[in-house]
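Commentary on secondary and tertiary structure
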2 protein chains.
Amino acid sequence: MARSPLHSRRQFLQYTALGGAFAGFSLPVLAAQTAPDFREILPGSMTRAGADFSNYGQPSAYEKKVIRWISANSEMTGNGVSWSPLHELQGTITPNGLHFERHHNGVPDIDPAQHELLIDGLVERPLKFTIDALKRYPQQSRISFIECGGNSNSSFRSKPIQTPAGYAHGLVSNAEWTGVAVKLLLEEAGLKPAAKWAIAEAADGASLNVSIPVDKLLDDAMLALYQNGERLRPENGYPVRLLLPGWEGIVNVKWLRQLRLQQTPAMTRDETSQYTDLMPDGTARQFSFEMAAKSLITSPSQGMTLPDNPGIYQVTGLAWSGRGKITRVEVSADGGESWVDADLQAPILDKAFTRFSLPWQWQGQYAVLQSRATDDSGYVQPSREQLIANRGRHGYYHFNAIISWEVYEDGYISHIYPD
Amino acid sequence: MARSPLHSRRQFLQYTALGGAFAGFSLPVLAAQTAPDFREILPGSMTRAGADFSNYGQPSAYEKKVIRWISANSEMTGNGVSWSPLHELQGTITPNGLHFERHHNGVPDIDPAQHELLIDGLVERPLKFTIDALKRYPQQSRISFIECGGNSNSSFRSKPIQTPAGYAHGLVSNAEWTGVAVKLLLEEAGLKPAAKWAIAEAADGASLNVSIPVDKLLDDAMLALYQNGERLRPENGYPVRLLLPGWEGIVNVKWLRQLRLQQTPAMTRDETSQYTDLMPDGTARQFSFEMAAKSLITSPSQGMTLPDNPGIYQVTGLAWSGRGKITRVEVSADGGESWVDADLQAPILDKAFTRFSLPWQWQGQYAVLQSRATDDSGYVQPSREQLIANRGRHGYYHFNAIISWEVYEDGYISHIYPD
């Protein structure tokens, strides 16, 4: 097998410092030697005053194509999703305006001064909280991803979907959430020993409700009030949502109005007719809350064209795991025959996006780019073949297999199933 | 001296678990025992479909008061600042719409397809970069604050200004920045040995330019292209800005069009007529780039009223240092007579906001709340008295002394100079 054309970060820096492979290949393209008259040609922006200050800023008009892509049900108002454009983003934080959406009956309009959260059922003292009251509890923050259980589900289909990376795999976003530990409020209400599940209900038109094990609520659950520093966005649960780090989106109930403690789960519509995993033997796996380790190359990715042949490209993407920290991301350019460890961006946080990257020297040959994540539980992201063997072809949720981009000789990139 | 009414986090959790001071004082106010008919009264939001999906989300209409406060020069277009509302925010990330602004002649409208960045002067190969070229270099991310050198300068005045915390001290914000290491590009251009300074110029109407030591550019400087995941906002330098972690805002040049390498600084208008520190002996301190350790209690703070007397309150705020990591934040409720260590939110990052908090049991007495930061260089935030003794009363930049909020017996909070 030929030496892999992927380079470790250290190799890349050596090449740069030595004026080697990187400079040799890419310098003429990435930067141009300049003409001496550059200073004389003043851009128009320097010849006039700019725009005024603003109370709340907006993206540049030149970035109008960087949007959430909406896939909504035309038969039911506000039922569907909008996808985060992960292929256009960098770093690890998802800006609030581009955090993915999943609603069952639209975004409710809730006056925070009127909203109340009830904790009742198997508790010593049923309690009702206003938003002002919740704001007075100790606040905690954590950077955490939320991923819809149905993210990437087009990959169960028999043919690979041809859409940009974010519009097939972008029902996942990552933000700094701030709020109150659920544990604190459950202790205040006084859990009865029989309380094993809580039924969380949203104040939306779908009356969405789901069952959540009390153990998770006592572990790391948060009543989130803030998202990236400011109050939650309406589409992310304003005025208060549940955050269950690492668990599928549906149970991170938005617009939360009630936690009712029970001995058993409620078997609600949203956890029986949906959000269960149909297995090859015809049974359905239920309460598969945890999102397993996953990764996605965001660039280069489907729909892009590599401009230089040959050329050096940065292979970069995101990895995350509902079980803990990402410990390793490997990248392959030959469809999984050989793998090279990517560089992981610090800080690596528990149940949060980790950015990986690796320089790749493309020689113009056909290539298949893949990434494979490992988390600190030792779990390794499976191939699509392995996932299908285990879960069958009729699944809809929890698709976390390796995603493959094929690079043609002309530089165009498309989605492929290599197995 | 009486036992401090401030509680360590551990004590607070004990009180909660034991149903002690916290529950005893605050339970009746923070949460109400509920009536059994709660379930029957459905909020309006559950009786109808909500709003549709959106391509780019916006804050809730109920949060319209959470804005940047504009202080602009009516004599000159786009000259002034807008303040980040730190007293309304939580966590550590500043959302892009609320990142502070400082412009000298407004926000230029720059087409990224037309923009070029020139590196010239004392280099082997003058180079010109398009934005597309910069995007192809290895990207790095870091969460970092940027603080205007003039932040908090109203505190040099003889009387304490009475405005909300963010509108006196919010010319500082914190974001995840992503871009290219300046070092990489300087190496590609080939620095000549005599190159000790770079003159960085902006493509705005003010033709803002400043001198920057090459050592900083080779250390941790970044050409930032992304801010909290998405492309820079126009008011933050779109399409490309310089990020000099920990250094005063002015040298983090926005709308960057040129780095010209020189042997000496240029002594430009922006680094001679402004952004120097007038010292007590009449001389001016120049090139005081580094922002020293500082902290600010964001809540409770000026203009707020404590609703319960007595009551337990979360004292929370932000600390940051241009020299490194925050290692300690102490809080006082008696004007600096006694101090208690606050809890620091993880992860604690280099040259980034660190959130601190501490529960405070207010007994209804007159109190003066203060916070004091220490960084990993051992530097301790000075009192205002110490800062004035060292720097005089005619300063304008680099005010980093302890900020004090006085709490009246009726719960109202105002700004005070205690010394």
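It should be emphasised that the depicted structure is a prediction, and the values quoted were computed from it without experimental measurement. Think of each chain on its own: its residues are numbered from 1, step by step along the sequence as written. Labels follow written order: the first chain is A, the first ligand is 1, and so on. For a predicted model such as this one, the threshold for reporting local features is a pLDDT of at least 70, and the threshold for listing and counting side-chain atom pairs is 80 or more; totals across whole chains, interfaces and linings nevertheless cover every residue.

**Looking at the overall build of chain A**
Assigned secondary structure in chain A consists of 8 helices and 25 strands. For 419 residues, the compact-globule formula gives about 22 Å, and the C-alpha radius of gyration of chain A, at 24 Å, lands near that figure. Counting only C-alpha atoms, chain A reaches 75 × 65 × 40 Å along its principal axes. Our exposure labels follow a C-beta count within 10 Å of each residue's own C-beta, placed from the backbone: buried means 20 or more other C-beta atoms, exposed means 12 or fewer, and partly exposed covers the counts in between. Counting the 419 residues in chain A, one finds 53% classified as buried. By definition, residue pairs are in contact when their C-beta atoms, positioned from the backbone, come within 7 Å. Excluding contacts between residues fewer than 6 apart, the proportion of contacts in chain A whose partners are at least 24 apart in sequence is 71%. A helix here means a DSSP run of H or I that spans at least four residues, while a strand means a run of E at least two residues long, and both kinds are numbered starting from the N terminus. Radius of gyration here uses only the C-alpha atoms, and the compact-globule reference equals 2.2 Å multiplied by the residue count raised to the power 0.38.

**Some details on the pairing of strand 5 (residues 116-121) of chain A**
Residues and elements named next belong to chain A. Any two strands are treated as partners once DSSP identifies two or more bridges connecting them. With 4 bridges connecting them, strand 5 and strand 6 (residues 127-130) associate as antiparallel partners. When the sheet's bridge partners are listed, I119 is paired in strand 6 with L127. Here strand 5 hands over to strand 6 after 5 residues, the two strands then running antiparallel side by side.

**Thoughts on the relation of the copies chain B and chain A**
Copy one and copy two of the chain differ by a rotation about a common axis and a shift along it. For the pair chain B and chain A, the best superposition has an RMSD of 0.0 Å and corresponds to a rotation of 180° with a translation of 0.0 Å parallel to the axis. On the angle and the small slide along the axis, the relation comes out as a two-fold axis. Taking C-alpha positions as the reference, the residue of chain B nearest the rotation axis is P95(B), at 3.7 Å. In this assembly the copies share their binding face: 99% of the residues contributing to the interface of chain B also contribute to that of chain A. Alignment of copies: least-squares fit on C-alpha atoms of residues with pLDDT of at least 70 in both copies.

**Describing the interface of chain B and chain A**
Across the contact, 96 residues belong to chain B and 95 residues belong to chain A. Residue classes in the side of chain B that touches chain A are distributed as 43 nonpolar, 33 polar and 20 charged. Under the scheme applied, nonpolar residues are Ala, Val, Leu, Ile, Met, Phe, Trp, Tyr, Cys and Pro; charged residues are Asp, Glu, Lys and Arg; polar residues are all the others, including Gly.

**Considering the sheet that holds strand 19 (residues 326-332) of chain A**
Sheet strands pair via backbone hydrogen bonds, and the direction of the pair is either parallel or antiparallel. Residue and element names in this part refer to chain A. Taking strand neighbours across the sheet as the criterion, the 5 strands line up as 20-19-23-24-25 in an open arrangement whose pairing is antiparallel. Every other strand in the sheet has two partners, leaving strand 20 (340-341) and strand 25 (413-416) as the edge strands with one partner each. Summarising the sheet, strand 23 (residues 367-375) and strand 24 (residues 404-407) pair through 4 bridges and their orientation is antiparallel. Across the sheet, V368 pairs through a bridge with E406, a residue of strand 24.

**Considerations on unusual backbone geometry**
A cis amide bond, omega -5°, links S299(A) with the succeeding residue P300(A). Examined against the element boundaries, P300(A) turns out to sit in the loop between strand 17 (294-299) and strand 18 (311-320). The phi dihedral of S152(A) is positive, around 70°, even though this residue is not glycine. Along the chain, S152(A) falls in the loop between strand 7 (140-147) and helix 4 (165-169). Looking at S152(A), the number of C-beta atoms within 10 Å reads 22, which means it is buried. The phi torsion at S207(B) lies on the positive side, around 45°, for a residue other than glycine. Note that S207(B) resides in the loop between strand 9 (197-202) and strand 10 (209-213).

**Comments concerning the sheet that holds strand 21 (residues 343-344) of chain A**
Residue and element names in this part refer to chain A. Taken together, 4 strands build an open sheet; the order of strands is 17-18-22-21 and the sheet is antiparallel. The open sheet has two free edges, formed respectively by strand 17 and strand 21, since each of these has just one partner strand. Bridge count between strand 21 and strand 22 (residues 354-362): 2 bridges; the pairing is antiparallel. Bridge pairing in strand 22 places L344 opposite F356.

**Observations regarding the environment of A401(A)**
Residue and element names in this part refer to chain A. Locating A401 in the fold gives a position in the loop between helix 8 (384-391) and strand 24. On the neighbour-count criterion, A401 (23 C-beta atoms within 10 Å) is buried. Sequence separation between A401 and K294 is 107 residues, and the spatial gap between their C-alpha atoms is 6.9 Å. Once residues within four sequence positions are removed from consideration, A401 is found in contact with S155, Q381, P382, S383, R384 and L387.

**A short note on the domain arrangement of chain A**
Residues and elements named next belong to chain A. When the domains of chain A are assigned, the result is domain 1 (101-285) and domain 2 (294-416). Counting only elements with at least two residues in the side of domain 1 that touches domain 2, the list comes to strand 7, helix 4 and strand 15 (277-278). By residue number, the principal contributor to the side of domain 1 that touches domain 2 is strand 7, which donates 3 residues. Its residues assigned to classes, the side of domain 1 that touches domain 2 comprises 13 nonpolar, 11 polar and 1 charged. The start and end points of each domain follow an automatic or database-based domain assignment.

**Considering the nonpolar core**
Judged by nonpolar contacts, the single largest core of 205 residues is most densely connected at A198(A), A200(A), M222(A), L223(A), A200(B), M222(B) and L223(B). Ignoring anything within four residues of it in the chain, the contact list for M222(A) reads Q140(A), W177(A), G179(A), V180(A), A181(A), V182(A) and L243(A). Put simply, a nonpolar core is buried Ala, Val, Leu, Ile, Met, Phe, Trp, Tyr and Cys residues tied into one set by C-beta atoms within 7 Å.

**A short note on the confidence of the model for chain A**
Residues and elements named next belong to chain A. Of the residues in chain A, 90% have a pLDDT of 70 or more, and the chain-wide mean is 91. A residue's pLDDT is the predictor's confidence in that residue, given on a scale from 0 to 100. Under a pLDDT of 50 for its full length, residues 9-29 has, in the predicted model, 26 contacts with residues more than four places off or in other chains. Of the two predicted TM-score estimates for the complex, the pTM is 0.93 and the ipTM is 0.93.

**Things to note about the pairing of strand 9 of chain B**
Residues and elements named next belong to chain B. Across the 6 residues that make up strand 9, a large majority, 6, are buried. Note that strand 9 and strand 10 share 5 bridges and pair antiparallel. Residue pairing for strand 10: A200 is matched across the bridge by V210. Adjacent in sequence and paired antiparallel, strand 9 and strand 10 are bridged by 6 residues, among which S207 carries a positive phi angle near 45°. Bridge count for strand 9 against strand 14 (residues 256-262) is 6 bridges, and the pairing is antiparallel. Directly across from E201, in strand 14, lies its bridge partner Q258.

**Examining the environment of F399(B)**
Residues and elements named next belong to chain B. Mapped onto the elements of the fold, F399 is located in the loop between helix 8 (384-391) and strand 24 (404-407). Taking the C-alpha atoms as reference points, F399 and I110, separated by 289 residues in sequence, lie 33 Å from one another. If near-sequence neighbours (up to four positions away) are discounted, F399 is found in contact with S152, N153, S155, F156 and L387.

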